[in-house]
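Architecture and fold: a report
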Amino acid sequence: MNAAPADQIRLLDVQALDVRLSQLAHKRRTLPEHTEIDTLNADHTQLRDLLIAAQTEESDTAREQTKAEQDVEQVRQRAARDQKRLDSGAVTSPKDLENLQHEIASLAKRQGDLEDIVLEVMERRESIQERAAELIERVESLQAKIGDATSRRDAAAEGIDNEIATVTKEREVIAGTIPADLLGLYDKLRGQQGGIGAARLYQRRCDGCRQELAITELNEVRSAAPDTVVRCENCRRILVRTPESGL
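Scope of this entry: the structure provided in the associated data block.

Quick look at the side chain of Gln65 now. Checked against the element boundaries, Gln65 lands in helix 2 (residues 32-88). Residue classification places Gln65 among the buried residues on the basis of a relative accessible area of 10%. Side-chain polar atoms of Gln65 contact the side chain of Arg125, separated by 3.2 Å. Excluding anything up to four places from it in sequence, Gln65 contacts Val121, Met122 and Arg125.

As enumerated under the stated definition, the model contains 24 salt bridges in all. Between Arg171 and Asp187 there is a salt bridge whose closest N-O contact spans 3.2 Å. In this pair, Arg171 is assigned in helix 3 (residues 94-175) and Asp187 in helix 4 (residues 180-192), connecting sequence segments 16 residues apart. Since its relative accessible area comes to 31%, Asp187 is described here as partly exposed. For the salt bridge of Arg200 with Asp207, the shortest nitrogen-to-oxygen distance reads 2.9 Å.

All right, on to the environment of Asp96 then. Relative to the helices and strands, Asp96 is located in helix 3. Looking at Asp96, the relative accessible area reads 42%, which means it is partly exposed. Placed 10 residues apart in sequence, Asp96 and Leu86 show a C-alpha to C-alpha distance of 9.9 Å.

Definitions and cut-offs
Residues numbered from 1 in each chain as written. Predicted model: local features only at pLDDT ≥ 70, side-chain atom pairs only at ≥ 80, totals over all residues. Heavy atoms only, no water. Helix = DSSP H or I, 4+ residues; strand = E, 2+ residues; numbered from the N terminus. Buried < 20%, exposed > 50% of the residue type's maximum accessible area, 1.4 Å probe, protein only. Polar contact = N/O pair within 3.5 Å; in protein donor to acceptor, adjacent residues only side chain to side chain. Contact = heavy atoms within 4.5 Å. Salt bridge = Lys/Arg side-chain N within 4 Å of Asp/Glu carboxyl O.

Here is the structure:
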């Protein structure tokens, strides 16, 4: 393949822009905010699960408290009815009076036990509510941090995207001046050689594979016409000759 030396030199400009585009894409993918957001989201998910568990426990405890309070009220009403019977004088049999008094005493003890249960449930519910409130505060704090990190990530990505657009446009302009067959070979090699399709020959060394050319290869490059597109024997990339090639 033949191409004007100036076209080959411009190929190096395209290569430099492609390297820059690869660097920008890598920079965008590896923004530190990505890791920060992933970590925050993982913490947020864990805390949210703990909060849901606490809220579920609080709801269950609320029903337990309601049931215990209803039990207390039932015993209290029954004791009140018995006391009313006792105070009315309607029960005259000594045995019935004794039984009624015993039942009132038993109900009083039962009411006291149930009230203790209500108090224990209330204390437990209060502790759960405090834990839930703390978790809500922590979840909200994490949400704010996620929002801040997301804003920083988006701003950084936007800046990179703007630079990518500028470099891409510059590449299009320069690539448009290079013969299609030369550019096609370059693009093919770039896909095969890790993003580097053309390399400068500098001080008898290929800038693509960093290998110094053998004497026989140097002699072949020296004898090649200026418009001949030469390739590195080692990496097969396009080898662009410049005044610094050391030929």
